[in-house]
There are 2 protein chains.
Amino acid sequence: MTAAQGRLDPLVRGGGMAAWRQIADAIESDIVSGRLAAGSRTPPEMQLAERFGVNRHTVRRALTHLAQSGLVRSAQGKGTFVEPRPLAYPLGEKTRFSEVMAKAGKEARGELLFAQHISANAEAAEALAVEIGAPVLEMHTVNRADGVALSLSRTWLPLPRFSGLDQLFARKGSLTKAYSKLGVDDYRRLSTRISARPAEPEEATALAIPPGKTLLVVKSVNVDPAGVRIQATQSRFVADRVELVVER
Amino acid sequence: MTAAQGRLDPLVRGGGMAAWRQIADAIESDIVSGRLAAGSRTPPEMQLAERFGVNRHTVRRALTHLAQSGLVRSAQGKGTFVEPRPLAYPLGEKTRFSEVMAKAGKEARGELLFAQHISANAEAAEALAVEIGAPVLEMHTVNRADGVALSLSRTWLPLPRFSGLDQLFARKGSLTKAYSKLGVDDYRRLSTRISARPAEPEEATALAIPPGKTLLVVKSVNVDPAGVRIQATQSRFVADRVELVVER
DNA sequence: CCGGATTTGTGCGTATGTATT
DNA sequence: GAATACATACGCACAAATCCG
């Protein structure tokens, strides 16, 4: 347990565990327990140094460690702040972006960047189980929660079945609603594959993040109730902002 | 379709899609279809330029794009090589590392880096549903397939129930087998959460990758048949080498 | 707009214990 | 056992950014 206000928090010296690790653990404990709320400022480094009875350097090592794992962020002149915990994003058979956000008390909105009719390349053809060269609708979208960009998606839909879906999506801001207008009242996830890589410059621009930031790449295929593949999507989530949760 | 040997592969000029994108698509198609095998060398840039009737610069743009998405890797003086496709790693209720690897025709081996008895910190306590400070066994392991490091794991197990499991694991090289020795013949996945971030220096060393490379971080909790939490694991997969597949 | 106070960022020097060679 | 390297920790000083009266 960590002293809330108290003058000193004892460390086990010379016991195998480095002082800075113990400090990092203590602060992490303060964060996950809620004693340090998300968005709040941690005590200044000097104050922490006093509390643990160590040099400021030692505190700084603990803080840089916590910053690397994304729990805090330091700003020169301002202080060190507790980062908001990433949004839990469920990966289930019936995950609907808008419903997920609604439950989290956030307002979801999909924004259509552009759409085009193209011939299926190898990847799209395989995902949708159509011939290479078959006509497909390609949509590029950004998904936001309360205005902050969470993911950038590239979606392929078979044509002519879903001709005009881009217009519907642009108006509704939700795939589920757009599908509904075209008579698809239900759909489910057929497959989900996950990888990760740094953001390329174009992606970084679209998501308003610095290039090179880590993206979680989720490739998924959706089918209608009859089992027909109706959608292949590659979503690139800002790894800092979401945590994917496997549902069963 | 791409000409296997043929002299020229036609591009659609002035049709909205840049030449280099079409070339990238064509080469990608060669790769995913298997016409260009993993590990093999692509034709030299000059040869590709002839085949598509473009300047070598245009081919290079396509190849850089493919390199960024991890499909190929160029080596000065040697050529451009098709990267091995990432290993599909299923995330299911009953995923067993050794079984997954066996099915993929690879030899799995877990290597114990070190183990220690510690007091549960906030994270471990929450995952195992024990009190903060309760005794737990912490194991650090590297999992390899055919010798190449796939993941680095930190595992927490409640004590005293699993006292000595580290010794068993070190000998067997498999958690499943070690559990079996302690009377746990079955277990299943309770929860799985996925995030991603760059590798820290220590992690990079353990996995023999350059620091900063992207890691897929999978946090999971396993329970025994009675539903009691027996293991909390944080696995860090080299994102280049695996693709997580959600099973249902 | 100034100027001081606060807070993080950076650099140097020193010392100690541990592990490797 | 000696030499070397590395991780850890402390102390001091100043720079840079921010805040506030």
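Conventions adopted
Residues numbered from 1 in each chain as written. Chains lettered and ligands numbered in written order. Predicted model: local features only at pLDDT ≥ 70, side-chain atom pairs only at ≥ 80, totals over all residues. Heavy atoms only, no water. Contact = heavy atoms within 4.5 Å. Buried area = accessible area lost by both parts, 1.4 Å probe. Salt bridge = Lys/Arg side-chain N within 4 Å of Asp/Glu carboxyl O. Polar contact = N/O pair within 3.5 Å; in protein donor to acceptor, adjacent residues only side chain to side chain. Near = heavy atom within 4 Å. Helix = DSSP H or I, 4+ residues; strand = E, 2+ residues; numbered from the N terminus. Pairing = 2+ DSSP bridges. Axes fitted to C-alpha atoms, helices over the stretch in contact; angles between N-to-C directions. Least-squares fit on C-alpha atoms with pLDDT ≥ 70 in both. Buried < 20%, exposed > 50% of the residue type's maximum accessible area, 1.4 Å probe, protein only. Domains from an automatic or database assignment.

Listed by partner, the interface residues are 31 residues for chain B and 34 residues for chain A. For chain B, the biggest contributors to the area lost against chain A are Ile-194, Val-246 and Arg-248 of chain B; these three give 20% of the whole. Applying the counting rule to chain B against chain A returns two salt bridges. Note that Arg-193 of chain A is salt-bridged to Glu-243 of chain B, the shortest N-O span being 3.3 Å. Joining chain B to chain A, the criterion identifies six residue pairs in polar contact (both at pLDDT 80 or more).

Turning our attention to the protein's contact with DNA strand D. Residues and elements named next belong to chain A. Near DNA strand D you find 14 residues, and of these Ala-19, Asn-55, His-57, Thr-58 and Arg-61 are the closest. Each atom of DNA strand D within 4 Å of the protein was classed as base or backbone; sugar and phosphate made up 67%. One nitrogen or oxygen atom from the main chain of Trp-20 is found 3.4 Å from a phosphate oxygen belonging to DNA strand D. Within the contact set of DNA strand D, a phosphate oxygen lies 2.5 Å away from a side-chain nitrogen or oxygen of Thr-58. At four residues, helix 3 (residues 56-68) tops the list of elements feeding residues into the surface near DNA strand D.

Quick look at the sheet that holds strand 4 (residues 108-119) of chain A now. Across the sheet, eight strands lie side by side as 4(A)-5(A)-6(A)-9(A)-8(A)-7(A)-10(B)-3(B); this open sheet has mixed pairing. Every other strand in the sheet has two partners, leaving strand 4 of chain A together with strand 3 (87-91) of chain B as the edge strands with one partner each. Direction aside, neighbouring strands of the sheet carry axes that sit 20 degrees apart on average. Pairing between strand 6 (residues 148-158) of chain A and strand 9 (residues 229-238) of chain A: six bridges, direction antiparallel. Across the sheet, the residue bridging to Ser-151 of chain A is Phe-237 of chain A, located in strand 9 of chain A.

The next subject is the relation of the copies chain B and chain A. Mapping chain B onto chain A is achieved by rotating through 180 degrees and translating by 0.1 Å along the same axis, at an RMSD of 0.3 Å. Taken together, the rotation and translation describe the operation of a two-fold axis. A share of 100% of the interface residues of chain B reappears at the interface of chain A, consistent with the copies meeting face to face through the same patch.

Here Glu-203 of chain B shows up in helix 8 (residues 201-207). Among the residues examined, Glu-203 of chain B registers a relative accessible area of 6% and is labelled buried.

Looking now at the pattern of salt bridges. All names here are of chain A. Considering all chains together, one arrives at 31 salt bridges over all chains under this definition. A salt bridge links Glu-111 to Arg-144; the shortest N-O distance between them is 3.1 Å. Separated by 33 residues along the polypeptide, Glu-111 in strand 4 and Arg-144 in strand 5 (residues 135-145) bring together distant segments of the chain. The class of Arg-144 is partly exposed, set by a relative accessible area of 24%. Here the salt bridges do not stand alone but share partners, grouping Asp-30, Arg-35 and Arg-51 into one network.

Taken in spatial order, the eight strands line up as 3(A)-10(A)-7(B)-8(B)-9(B)-6(B)-5(B)-4(B) in an open sheet, and their pairing is mixed. Two strands lie at the open edges of the sheet, namely strand 3 (87-91) of chain A together with strand 4 (108-119) of chain B, each paired on one side alone. Within this sheet the neighbouring strands show an average axis-to-axis angle of 20 degrees, counted without direction. Relative to strand 8 (residues 214-223) of chain B, strand 7 (residues 188-198) of chain B runs antiparallel, the two being bridged by ten bridges. Residue pairing for strand 8 of chain B: Pro-198 of chain B is matched across the bridge by Thr-214 of chain B. Against the sheet, helix 6 (residues 165-172) of chain B engages strand 4, strand 5 (135-145) and strand 6 (148-158) of chain B, with an angle of about 165 degrees to strand 4 of chain B.

This next bit is on the domain arrangement of chain A. The assigned domain composition of chain A is domain 1 (3-82) and domain 2 (87-246). The gap between the C-alpha centroids of domain 1 of chain A and domain 2 of chain A is 39 Å.

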